[in-house]
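Listed below are the residues making up each chain.
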Amino acid sequence: MTESFHLDAVPIRLESCGKTFPGGSRALEPLDLTIRGGETIVFLGPSGCGKTTTLRIIAGLESPDPGGRVWFGEEDVTALPIERRNVGMVFQSYALFPNMSVAENVAYGLKVRRVARAERARRVGEMLELMHLGVFAGRRIDQLSGGQRQRVALARALVVRPRVLLLDEPLTALDAKLRDSLRLEIDRLLRGLGITAVYVTHDQGEAMALGDRIVVMAKGRVAQVGTPRDVYHHPADGFVADFVGTMNRVGGTVLDGALRLGRGVFPWSGPDGPVELLVRPEDIALADDDGADAHLDGRVVAAVFLGDRTRLVVETGDGPPLTVDTGGRSALARGDRVGLRLDPARLLGPPPG
Ligand code: ATP
């Protein structure tokens, strides 16, 4: 369905792009990053970490500090304003013209570019089709749902065939269910079009689902760049470990190549002494009912049924409570005693820093 509509995949290179705002506030430490042609890269981080600033530098809405350069392929676009970079943008607020129809909104960018009427109609039709908006062509924007509006915003951004698509928290204003379905739609669209896309979000689920790679940011600097799996399973530091998904911390002791953790003893390389290890909720297993094979004993202080799984919070009497994910059919409830098992292959050693 998208075969006829494929966009050029231009790589983007940021070279030493920092940003200091007037008054001296440093929003972004100098950043070097290459985004591959056709790649979807997601900037993920808490509020104020500099992700929107980075997006705006790529868009041409902000200039980097002196010395910074932005490249689209072989072209240095640092000095080009947004209207000459040929980027498409989608924001959290749809920024559509409320008094125009869906088709008129989508056609707007083509009109500004003086695309001839017949060609305009053809491209608007093609784009409405692609976004499953054909039946709404004549509707006014204020007669659409939030999800439909955001699809119009996407259509409007893409109809001009931008070199790069930039999305700044496009799903944040929508309710959870719509967010999920539109996220799938955006995923389908980006893969089908093969366009280079930069996506900003503070939602780690969105980042994992959409990103070919994720750039995790903290306080104006890059904490890690990697595939969703890299970032999830091999967090570069404690910040990434905690920000992406849920992470438990368990304390153990290393002595002569063995790690003692509760009642467990595992082969372990690393210096002797106390050690803090990280483990994901799904990597902690329940012991047999009699608890004979348990490494840790605890008591369930909360059990949250989530449909596909049950999330337990277990106090072990040693360190902070552990979050443990079990199958959805687990019947454990608050107050139950429970034995936990750890797999040494799933324990992450202390992150650097
Ligand atoms: P959010 O998710 O809240 O938008 P963000 O990660 O996108 O956060 P940025 O908008 O990039 O963060 O802002 C990074 C830092 O730069 C913040 O501390 C912010 O207050 C500051 N900042 C952003 N724009 C300006 C500006 N025009 N003038 C001064 N400071 C700014």
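Located above this text is the structure these notes cover.
Remember, predicted model here, so these are calculated numbers, not experimental data.

Caption draft 1: Molecular detail of the packing of aromatic side chains. For the coordinates displayed, the defined rule picks out two aromatic pairs. Taking the centre distance of 4.7 Å and the plane angle of 55° together, the rings of Phe97 and Tyr108 count as tilted. Highlighted residues: Phe97 in the loop between strand 6 (87-90) and helix 2 (102-112) and Tyr108 in helix 2, separated in sequence by 11 residues. On the basis of relative accessible area, Phe97 is assigned to the partly exposed category, the value being 28%. A relative accessible area of 36% means that Tyr108 is categorised as partly exposed.

Caption draft 2: Structural detail: unusual backbone geometry. A positive phi angle, near 55°, is found at Asn86, a position not held by glycine. Along the chain, the position of Asn86 falls in the loop between strand 5 (75-76) and strand 6. One non-glycine residue, Asp256, lies in positive phi territory at about 50°. With respect to the helices and strands, the residue Asp256 is situated in the loop between strand 11 (248-255) and strand 12 (258-261). Taking the relative accessible area as the measure of exposure, Asp256 reaches 65% and is therefore exposed.

Caption draft 3: How the structure looks around the packing of helix 2 against helix 4 (residues 146-158). For the pair helix 2 and helix 4, interaxial distance at closest approach is 7 Å and the crossing angle is 30°. As far as their axial angle goes, helix 4 and helix 2 are roughly parallel. Where helix 2 crosses over helix 4, the handedness of that crossing is right-handed. For the pair helix 2 and helix 4, the contacting residues are Val102, Asn105 and Val106 in the first and Val152, Ala155 and Arg156 in the second. Here the residues of the contact of helix 2 with helix 4 are counted per class, giving four nonpolar, one polar and one charged.

Thresholds applied
Residues numbered from 1 in each chain as written. Predicted model: local features only at pLDDT ≥ 70, side-chain atom pairs only at ≥ 80, totals over all residues. Heavy atoms only, no water. Phe/Tyr/Trp six-rings, centres within 6.5 Å; stacked < 30°, edge-to-face > 60°. Helix = DSSP H or I, 4+ residues; strand = E, 2+ residues; numbered from the N terminus. Buried < 20%, exposed > 50% of the residue type's maximum accessible area, 1.4 Å probe, protein only. Axes fitted to C-alpha atoms, helices over the stretch in contact; angles between N-to-C directions. Parallel < 35°, antiparallel > 145°, perpendicular 65-115°, else oblique. Left-handed = near helix turned anticlockwise from the far one by under 90°. Contact = heavy atoms within 4.5 Å. Nonpolar A, V, L, I, M, F, W, Y, C, P; charged D, E, K, R; others polar.

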